[in-house]
Amino acid sequence: GYDSFQTFRHSLAARPLYYSGSRLVALVVCVYFAQVRTWQDFVSSFALHRSTLRFLTLAAMLGIWIAFFVKMAEPGGLATIQFHTYFDIGSFCLLVGPFFEETVMRGFFYPAFRKASPVVVSIIFVFAIDTMLFHPATFHIPQALVGVCIVDVASCLFREYTKSLWPSITFHVAYNL
């Protein structure tokens, strides 16, 4: 009963299921409410328009740099970085997750808030929803909360000024590397 559920919930197998399942459910809900019927509706509704190579390169470089500096602020600093030559389900989630998260947060919620609120207020709302929906454990880890905040602010600003979701996705994937 309850004990077996708790054991599964905290097991290694449950984490990727929760991670991917929560993002997939959020995306499906957003697609439904955006009334997407065709691929073109999806591209248009979630701002998946082409972006310039300049913005994509800037987003990738900024993501790597910010991740480096956030890592320096963590206990143990750069000594905690480990380079592995394997690819596991956790690595897969870190690379694929931003496609879902950015589509939901910057493709759906951010423009919805921008219709009624200024940039700063919209970013605060997106950060609050993102933290509660995808990163609830960060409330107990200040460095992780700062990392989520930085990703949210930078991704929203990329979305705001490029009118495309691709720089936000690029930034987020680079940050997760």
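Residues numbered from 1 in each chain as written. Predicted model: local features only at pLDDT ≥ 70, side-chain atom pairs only at ≥ 80, totals over all residues. Heavy atoms only, no water.

Draft legend 1. Structural context of helix 8 (residues 166-176). Burial within helix 8 is extensive, with 9 of its 11 residues counted as buried. When we look at burial in helix 8, the residues that qualify are Pro167, Ser168, Ile169, Phe171, His172, Val173, Ala174, Tyr175 and Asn176. (Buried < 20%, exposed > 50% of the residue type's maximum accessible area, 1.4 Å probe, protein only. Helix = DSSP H or I, 4+ residues; strand = E, 2+ residues; numbered from the N terminus.)

Draft legend 2. Seen up close, the packing of aromatic side chains. A complete count under the given rule lists 11 aromatic pairs for this structure. Pairing Phe109 with Phe113 gives two aromatic rings, centres 6.3 Å apart and planes at 20 degrees, and the pair type is stacked. Of this pair, Phe109 and Phe113 both sit in helix 5 (residues 89-114), 4 residues apart, which is roughly one turn of the helix. One aromatic cluster in this structure is built from Phe108, Phe109, Phe113 and Phe125. (Phe/Tyr/Trp six-rings, centres within 6.5 Å; stacked < 30°, edge-to-face > 60°.)

Draft legend 3. Structural context of a nonpolar patch on the surface. Together, Met61, Trp65, Phe68, Phe69 and Met72 make up an exposed nonpolar region whose accessible area comes to about 530 Å². For Phe69, a relative accessible area of 42% corresponds to the partly exposed category. (Patch = residues over 30% accessible without salt bridge, like charges linked within 9 Å, V, L, I, M, F, W, Y side chains within 5 Å. Areas by Shrake-Rupley, 256 points an atom, 1.4 Å probe, with all protein chains shown as cover. Salt bridge = Lys/Arg side-chain N within 4 Å of Asp/Glu carboxyl O.)

Draft legend 4. Up close: the packing of helix 7 (residues 142-162) against helix 8. At a closest axis distance of 8 Å, the pairing of helix 7 and helix 8 adopts a crossing angle of 155 degrees. With respect to each other, helix 7 and helix 8 are oriented roughly antiparallel. Two packed elements cross with a definite hand, and for helix 7 against helix 8 that hand is right-handed. Contact residues: helix 7 offers Gly147, Ile150, Val151, Ala154, Ser155, Phe158, Arg159 and Thr162, while helix 8 offers Pro167, Ser168, Phe171, His172 and Tyr175. In terms of residue class, the contact of helix 7 with helix 8 is built from 7 nonpolar, 5 polar and 1 charged. (Axes fitted to C-alpha atoms, helices over the stretch in contact; angles between N-to-C directions. Parallel < 35°, antiparallel > 145°, perpendicular 65-115°, else oblique. Left-handed = near helix turned anticlockwise from the far one by under 90°. Contact = heavy atoms within 4.5 Å. Nonpolar A, V, L, I, M, F, W, Y, C, P; charged D, E, K, R; others polar.)

None of this, on its own, says anything about what the molecule does.
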